[in-house]
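Take a look at the letters that make up each chain.
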Amino acid sequence: MTRVRGRAWTVGIIAIIVSIVVFLVPFIFVVLQASKTPADASTLAFSWPKHWQFFSNLRAVLQTNSGIIWRAFLNSAILTVTSVTIMVILAAMAGYVLARRKSKWNGIVNFFVLAGLIVPPAVVPTIWVLQRLRLFGTLPGMILIESTFGLSFSILLFRAFVGTIPRELDEAAVLDGAGPFTLFFRVVLPLLRPVVVTVAVVQAVFVFNDFAGPLYFLPGNEHATVQLTLFTFQSQNLSFYNLLFMDILLITIPPLIAYIFSNRQIVAGLTSGAIKG
Amino acid sequence: MSTINTAAATQAADVITEPRVSKKRTIKSYYPRSFFIPTIVLYVVFFAIPSVASFYFSLTRWSLFDSHFIGFDNFVEFFQNPQLYTSFIHTLLYGVITSGAKVLIGFFLAVLLTGPVMGRGYLRAVVFFPVLVSTIGVGIMYKSLLDPFHGMVNAVLRFFGLPQPGWFTDPHLAIYTIAAVDIWKGVGIATLIFMAGIVAIPREYFEAARIDGAGAWRILREITIPLSRGATATVIILSLIGGLRSFDIIWATTGGGPGFTSDVIASVIYKEYQAGFYGLSAAGNVVLFLVVTVIMVPLTYVLNRKQVQL
């Protein structure tokens, strides 16, 4: 027993040292860069800041370009919350019927769901469709696009999870007089809570961090998301590395918070859903 | 209020009509097909129509407003222009490298992090953390860390008297450097999926094997690896889909450069779009579609055949 514990210690210590070098050092570098003066940060050295100015850098980032970052955060927040809500509701409904209703069409539906996961979206033709609908370069257009692109993965998770809920429950609810909508929204959906959290957090992180989507479908400063502002900031202000890294730090906070609050639920949802056997 | 009334009405109807018939009718209609409608609308309008349209527009010279049929010229251009053709090779290379490495490293980390190891909670968190960080942010970070002259990595190499490559600036190296950054960022998802797969294996199997005198290596080879097949299939499929379509990290680090040495199909699609060659861009999309389908469909079939449900 002591030998096993001894090994757990040695392996653990080696793993921790490697993890510090591989994973922590890059993030410490970001924090240090974000705290430096412009001249100090431009050397790109992994060094202690000569003059510690974390908070004045923070204030500077929040005020750059008359506070464009606030606007970007608002755009990203609206985009993420709305598209994830649409995705969760639609995918839950589709995954539920797909899991419960056995019919000859299921094979075809599953084929299209998998196709949606595998096939890369055709970007320029999508722009063409958006222009026809007068949605190109608008936030509602972007929301619908993000919702669509996330549907397949979400449906797969919901379908797998609904399979684990006993059918007797539906029958009991039906006998108690529930209609199709009551059955789904009042009985089944509350039971899907773990997978709802998983889908919502995973997709929220994905949409929030998505760069290619807004780059194609949401051009212009007015609707810029945080990822776009970070990218433009990088190509414009190469003399302000400290502010650039402060920007990275700020943008990392929302996904981090989402993850910290739902860490356990995500693992639970994925285990019951995506992987079987 | 109205729900109660409807329910009461249904019940009343049940009493009047034959209960058995009505029950059979209800239980199916309680999973209405209409629940698919909003999903189908989004899918058709924003995914299926553009996908089908890309096949037509790839055969045209196209300005978004009018298109001019030119046959297979765009594809000929794509495969004859070495700058475009190499992106095809890079896509395959990039997809295979990132996916393969994520499977191997992810599995290794998952075995490590499901076993008895000190600081497990910390290690799990730190491995997953890069998944949450913005790809653009990671790109900027690594551009600084791997800067050929001032970057920290080369400073360390210089200290030990080792050669200091131009990670993102050497044409032979750039694509591999990006792949490495991609692996660093994405291995946490692979690890998470593998961990879920390993945890799902019944403990008794390991105990029985241990009592029978099997060593750690044998347990790994004959229990852990075969029984986490499902997780392996999921990781291969998801990481290969991601790798073949990869754009963000490449655009954030090298922009396909130096020259065209780290261009993949996805970045060519964007460049042609930016340059106004919409037909050529759509052709790039069709090529990417074919690459992904030709690889993924048989692979998904083979991997799913046994017991896996993605």
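Owing to the predicted nature of the structure, the values given are computational and were not obtained by experimental measurement. (Residues numbered from 1 in each chain as written. Chains lettered and ligands numbered in written order. Predicted model: local features only at pLDDT ≥ 70, side-chain atom pairs only at ≥ 80, totals over all residues. Heavy atoms only, no water.)

Asks: Please explain the overall build of chain A as it appears in this structure.
Replies: Along the backbone of chain A there are 12 helices and 0 strands. What you see in chain A, going N to C, is helices and strands ordered as α-α-α-α-α-α-α-α-α-α-α-α. The globule rule puts the C-alpha radius of gyration for 277 residues at 19 Å, and the 23 Å found for chain A is more than 25% above it. Viewed in the frame of its principal axes, chain A has a C-alpha envelope of about 70 × 70 × 35 Å. Residues counted as buried form 51% of the 277 residues belonging to chain A. Put simply, 73% of the contacts in chain A that link residues at least 6 apart link residues at least 24 apart. In the structure as shown, chain A presents an accessible area of about 12500 Å², 70% of it carried by carbon and sulfur atoms. (Helix = DSSP H or I, 4+ residues; strand = E, 2+ residues; numbered from the N terminus. Rg over C-alpha atoms; globule rule 2.2 N^0.38 Å. Buried < 20%, exposed > 50% of the residue type's maximum accessible area, 1.4 Å probe, protein only. Contact = heavy atoms within 4.5 Å. Areas by Shrake-Rupley, 256 points an atom, 1.4 Å probe, with all protein chains shown as cover.)

Asks: For this particular structure, what's the right way to read the overall build of chain B?
Replies: The number of helices and strands found in chain B is 15 helices and 2 strands. In chain B, the proportion of contacts linking residues at least 24 apart, taken out of those at least 6 apart, comes to 65%. Of the roughly 14800 Å² that chain B leaves accessible, carbon and sulfur atoms contribute 69%.

Asks: Explain the pattern of salt bridges here, please?
Replies: A side chain with one charge may pair with a side chain of the opposite charge, provided their charged atoms come close. Residue and element names in this part refer to chain A. Per the counting criterion, the structure on display carries 6 salt bridges over all chains. Linking D170 and R100 is a salt bridge whose minimum nitrogen-to-oxygen distance equals 2.6 Å. Of this pair, D170 sits in helix α7 (residues 167–175) while R100 sits in helix α3 (residues 54–100), and the two are 70 residues apart along the sequence. Residues D170 and R100 agree in their burial class; the two are buried. (Salt bridge = Lys/Arg side-chain N within 4 Å of Asp/Glu carboxyl O.)

Asks: Just checking my understanding: could you explain the environment of L144 of chain A for this structure?
Replies: Mapping L144 of chain A onto the fold places it in helix α6 (residues 139–162). Judged by relative accessible area, L144 of chain A falls into the partly exposed class, the value being 23%. A sequence separation of 11 residues divides L144 of chain A from L133 of chain A, and the C-alpha atoms of the two residues are 12 Å apart. The residues contacting L144 of chain A, other than those within four sequence positions of it, are L135 of chain A together with L42 and F46 of chain B.

Asks: Just checking my understanding: could you explain the packing of helix α12 (residues 229–245) of chain B against helix α15 (residues 278–305) of chain B for this structure?
Replies: Packed helix pairs are characterised by how far apart their axes lie and by the angle those axes make with each other. Residues and elements named next belong to chain B. Where α12 meets α15, the closest approach of the two axes is 11 Å, and the angle between their N-to-C directions is 180°. On the basis of their axis angle, the class for α12 and α15 is roughly antiparallel. Residues R229, A233, I236, I237, L240, I241 and L244 of α12 lie in contact with α15, whose contacting residues are L288, V291, V292, I295, M296, L299, T300, V302 and L303. The residue inventory of the contact of α12 with α15, partitioned by class, reads 14 nonpolar, 1 polar and 1 charged. (Axes fitted to C-alpha atoms, helices over the stretch in contact; angles between N-to-C directions. Parallel < 35°, antiparallel > 145°, perpendicular 65-115°, else oblique. Nonpolar A, V, L, I, M, F, W, Y, C, P; charged D, E, K, R; others polar.)

Asks: How do you make sense of a nonpolar patch on the surface when you look at a structure like this?
Replies: A contiguous nonpolar patch, built from W9, I13, I14, I17, V18, V21 and V22 of chain A and spanning about 640 Å² of accessible area, is present on the exposed surface. Residue placement: I13 of chain A occurs in helix α1 (residues 2–34). (Patch = residues over 30% accessible without salt bridge, like charges linked within 9 Å, V, L, I, M, F, W, Y side chains within 5 Å.)

Asks: What's the story with the nonpolar core in this structure? I'm lost.
Replies: Nonpolar side chains tend toward joint burial in soluble globular proteins. If you look at the biggest cluster of nonpolar residues, it comprises 164 residues, and the most contacted ones within it are Y96, L183 and L192 of chain A together with Y142 of chain B. Ranked by the residues each element gives to this core, the list is headed by α3 of chain A, at 16 residues. Apart from residues lying up to four places away in sequence, L183 of chain A is in contact with Y96, D170, A173, V174, A178 and V188 of chain A together with Y30 and Y31 of chain B. (Core = buried A, V, L, I, M, F, W, Y, C linked by side-chain atoms within 4.5 Å.)

Asks: Can you help me understand the layout of surface pockets in this one?
Replies: The gaps left among the atoms become clear once a water-sized probe is rolled over them. In this structure, the largest pocket spans a volume of roughly 1000 Å³. Elements supplying a minimum of two residues to the lining of the largest pocket: α1 of chain A together with α5 (82–114), α10 (203–211) and α11 (216–227) of chain B. In the lining of the largest pocket, the residues fall into 16 nonpolar, 4 polar and 5 charged. (1 Å grid on protein atoms, 1.4 Å probe; cavity = no way out; pocket = protein on both sides within 12 Å on 5 of 7 lines; lining within 4 Å. Points joined across faces, edges and corners; volume = space filled by probe spheres on them.)

Asks: Would you mind going over empty space enclosed by the protein with me for this structure?
Replies: All chains considered together, the criterion is met by 3 cavities of 30 Å³ or more. For the second largest cavity, the calculated volume is near 50 Å³. Lining the second largest cavity are V119, P120 and A122 of chain A together with S51, S54, F55, N285, V286 and F289 of chain B.

Asks: For this particular structure, what's the right way to read the confidence of the model for chain A?
Replies: Detail in the predicted coordinates should be disregarded across regions flagged by low pLDDT. Across chain A, pLDDT averages 86, with 94% of residues at or above 70. Below a pLDDT of 50 lies the segment residues 273–277 of chain A, which in the model reaches 21 contacts outside its immediate sequence neighbourhood of four places, other chains included. (pLDDT = per-residue confidence, 0-100.)

Asks: Any chance you could explain helix α4 (residues 106–118) of chain A here in plain terms?
Replies: Given 3.6 residues per turn, any residue in an α-helix points the same way as the ones three and four places further on. Across its 13 residues, α4 of chain A extends 18 Å between first and last C-alpha, which sits within 8% of the 18 Å expected from 1.5 Å per residue. Listed in full, the buried residues belonging to α4 of chain A are N106, V113, A115, G116, L117 and I118 of chain A. Contact partners of the buried residues in α4 of chain A: α3 and α6 of chain A together with α3 (37–57), α12 and α15 of chain B. (Expected span 1.5 Å × (residues − 1).)

Asks: Looking at this model, I keep getting lost on the confidence of the model for chain B. Mind explaining?
Replies: Residue and element names in this part refer to chain B. Chain-level statistics for chain B give a pLDDT mean of 85 and a share of 89% at 70 or above. Taken as a whole, residues 1–25 scores under 50 in pLDDT and shows 6 contacts with residues more than four places along the chain or in a different chain. Both scores are given for the predicted complex: the pTM is 0.87, the ipTM 0.87.

Asks: Before we go on, may I ask you to explain the packing of aromatic side chains in this structure?
Replies: We describe a pair of aromatic rings using the distance from one ring centre to the other and the angle between the two ring planes. Evaluated as defined, the whole model comprises 43 aromatic pairs over all chains. Centroid distance F184 of chain A to F185 of chain A: 4.8 Å. Interplanar angle 80°. Geometry classified as edge-to-face. Members of the aromatic cluster, connected to one another through ring pairs, are W128, Y216 and F217 of chain A together with Y56, F57, W62, F247, W251, Y270, Y273 and Y278 of chain B. (Phe/Tyr/Trp six-rings, centres within 6.5 Å; stacked < 30°, edge-to-face > 60°.)

Asks: I'm lost on the packing of helix α4 (residues 73–80) of chain B against α5 of chain B in this one. Help?
Replies: All names here are of chain B. Taken N-terminus to C-terminus, the directions of α4 and α5 make an angle of 80°; their axes are 5 Å apart at the nearest point. One way to sum up the angle between α4 and α5 is to call them roughly perpendicular. Contacts between α4 and α5 involve E77, F78, F79 and Q80 from the former and P82, L84, Y85, S87 and F88 from the latter. Here the contact of α4 with α5 is built from residues that sort into 6 nonpolar, 2 polar and 1 charged.

Asks: Any chance you could explain the interface of chain A and chain B here in plain terms?
Replies: One frequently used descriptor of interface size is the decrease in accessible area upon assembly of the parts. If you look at the interface, chain A gives 106 residues, while chain B gives 86 residues. Ranking the residues of chain A by area buried against chain B places F23, R101 and I118 of chain A at the top, with a combined share of 8%. Inspection of the chain A/chain B interface yields 0 salt bridges. Counting the contacts that link chain A with chain B gives 15 residue pairs in polar contact (both at pLDDT 80 or more). The biggest single contributor to the side of chain A that touches chain B is α1 of chain A, with 17 residues. Of the residues belonging to the side of chain A that touches chain B, the class tally is 78 nonpolar, 19 polar and 9 charged. (Buried area = accessible area lost by both parts, 1.4 Å probe. Polar contact = N/O pair within 3.5 Å; in protein donor to acceptor, adjacent residues only side chain to side chain.)

Asks: Teacher, can you tell me more about the environment of Y259 of chain A here?
Replies: Checked against the element boundaries, Y259 of chain A lands in helix α12 (residues 241–272). The spacing of Y259 of chain A and V202 of chain A is 57 residues in sequence and 8.7 Å in space, taken between C-alpha atoms. Dropping the residues within four chain positions of it, Y259 of chain A is found in contact with I266 of chain A together with F128 and L132 of chain B.

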